[in-house]
Amino acid sequence: SAVRQLDWGPKILGFEEQGSWAHGTIIKPQSGSSFDADLLVLVEPVPDWTPRDYVNKLATELNLMPAYKDKVRRFSHCATIEYAGERKIDIAPCLVDRQYPGTHEVCNRGSDEFERSEPLAYTDWVTGQNGIAGSNDLKKATRLLKYMRDIKGNFTCPSFLLTTLLGYRVHETDRNSAQFADLPTTLKTLVDRLDDWLQARPDRPEVMNPVFYGDDQAVEWEQAKYVNFRDKVNLYRSWIDDAFDEVDKEESIGKWR
């Protein structure tokens, strides 16, 4: 509602949730960190505007509103409203049909370049893979692994990349499969398959965006961080398999914990 009221410039076509908020994989942040909700504002191109103009002018106009004065910051692709407490929202301009019909582009304020993106199609892909797994268990397992990453802090993997890596472990033939019978089974299946894939690749592999040909989502993943992630997944697989295979209920619960 606030963005629609702005004397900003572009014609607004709509809004779409993005990232873990849209994917249903958002988790409570660790103490001192904040919920980071991503919102796309879909707009028509403005003649003669550069990518930097869209972000800068959006941030300037938001900061003029009494409710948001001194709460707005500018980042590479968005204007961010930082609320009191543990919440902030990133508002990212996304141009529709600038290159040709059907294209989406976000605005890189730093390089002053338009960047092709398919955020809506990616969200649809995540939703589709989750539907194959069933019972929202792909999303739940993703949240568990993101929580493990954050609470332990001994491996790094960006959330969008982790989401893609896990999503790729679900196949069309998995519909109604016993390997996705419930959440513990789904978690075991995903981590086992991910570990098999990682162990076959000692060097950082390409992880291609499933909906945008040529976009390697792992391009900025450093080799040392990749190797550490590979090692940790292998370790967690052994723990998960042990807990899953334990026949004594109380023993199994203890191992899961």
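Source: prediction; values computed, not measured.

Asks: Please clarify how unusual backbone geometry should be interpreted in this entry.
Replies: Leaving glycine out, the prevailing phi sign among residues is negative, and the prevailing peptide bond configuration is trans. Of note, Asp70 is a non-glycine position whose phi angle comes to about 65°, a positive value. When you line up the elements, Asp70 lands in the loop between helix H3 (51–64) and strand S3 (72–74). Despite not being glycine, Asp112 shows a phi value in the positive range, around 60°.

Asks: For this particular structure, what's the right way to read the pairing of strand S4 (residues 79–82)?
Replies: Looking down a regular strand, the side chains alternate between one sheet face and the other. Sheet analysis places S3 next to S4, joined by three bridges and oriented antiparallel. Note on S4: the bridge partner recorded for Val72 is Ile81. Between S3 and S4, which pair antiparallel in sequence order, lie four residues. Pairing of S4 with strand S5 (residues 87–96), which is carried by four bridges, proceeds in the antiparallel orientation. Counterpart to Ala79 in the pairing with S5 is Ile91. The hairpin turn running from S4 into S5, its antiparallel successor, is four residues long, and Gly85 in that turn takes a positive phi close to 90°.

Asks: Where do I start with the packing of aromatic side chains in this structure?
Replies: The geometry of an aromatic ring pair is captured by two quantities: the separation of the ring centres and the angle between the planes. The full count for this structure, using the stated rule, is 10 aromatic pairs. Measuring from ring centre to ring centre gives 5.3 Å for Trp221 and Tyr226, while their planes differ by 80°; the resulting arrangement is edge-to-face. Since its relative accessible area comes to 8%, Trp221 is described here as buried. Accessibility expressed as a relative area gives 0% for Tyr226, which makes it buried. By the ring-pair criterion, three or more aromatic residues cluster together here, those being Phe155, Trp221, Tyr226, Phe229, Tyr236 and Trp239. A cation over an aromatic ring shows up here: Arg169 above the ring of Trp197, its NZ or CZ 4.9 Å from the ring centre.

Asks: What should I look at first to understand the packing of helix H5 (residues 137–152) against helix H7 (residues 183–199) in this one?
Replies: Packed helices, taken two at a time, are described by the angle their axes make and the gap between the axes. At their nearest, the axes of H5 and H7 sit 9 Å apart, and the two run at 70° to each other. With respect to their mutual orientation, H5 and H7 come out roughly perpendicular. In this structure, the crossing between H5 and H7 has a hand that is right-handed. The residues of H7 that touch H5, namely those facing Asp137, Leu138, Lys140, Ala141, Leu144 and Leu145, are Leu183, Thr186, Leu187, Leu190 and Val191. Class assignment for the residues of the contact of H5 with H7 results in eight nonpolar, one polar and two charged.

Asks: Looking at this model, I keep getting lost on the pattern of salt bridges. Mind explaining?
Replies: Side chains that differ in charge, positive against negative, can pair when their charged atoms come close. Overall, the coordinates contain 17 salt bridges when judged by the stated rule. Across the pair Arg237 and Asp192 runs a salt bridge, and its minimum N-O distance is 3.1 Å. Highlighted residues: Arg237 in helix H8 (residues 223–245) and Asp192 in helix H7, separated in sequence by 45 residues. Judged on exposure class, the residue Arg237 and its partner Asp192 are both buried. A salt bridge links Arg237 to Asp195; the shortest N-O distance between them is 3.0 Å. One end of the pair, Arg237, is in helix H8; the other, Asp195, is in helix H7, and 42 residues separate them in sequence. A single burial state applies to Arg237 and to Asp195, both of which are buried. If you follow the salt bridges from partner to partner, you end up with Lys188, Asp192, Asp195, Asp196, Arg237 and Asp241 in one network.

Criteria and cut-off values
- Residues numbered from 1 in each chain as written.
- Predicted model: local features only at pLDDT ≥ 70, side-chain atom pairs only at ≥ 80, totals over all residues.
- Heavy atoms only, no water.
- Helix = DSSP H or I, 4+ residues; strand = E, 2+ residues; numbered from the N terminus.
- Pairing = 2+ DSSP bridges.
- Phe/Tyr/Trp six-rings, centres within 6.5 Å; stacked < 30°, edge-to-face > 60°.
- Buried < 20%, exposed > 50% of the residue type's maximum accessible area, 1.4 Å probe, protein only.
- Lys NZ or Arg CZ within 6 Å of the ring centre and 35° of its normal.
- Axes fitted to C-alpha atoms, helices over the stretch in contact; angles between N-to-C directions.
- Parallel < 35°, antiparallel > 145°, perpendicular 65-115°, else oblique.
- Left-handed = near helix turned anticlockwise from the far one by under 90°.
- Contact = heavy atoms within 4.5 Å.
- Nonpolar A, V, L, I, M, F, W, Y, C, P; charged D, E, K, R; others polar.
- Salt bridge = Lys/Arg side-chain N within 4 Å of Asp/Glu carboxyl O.

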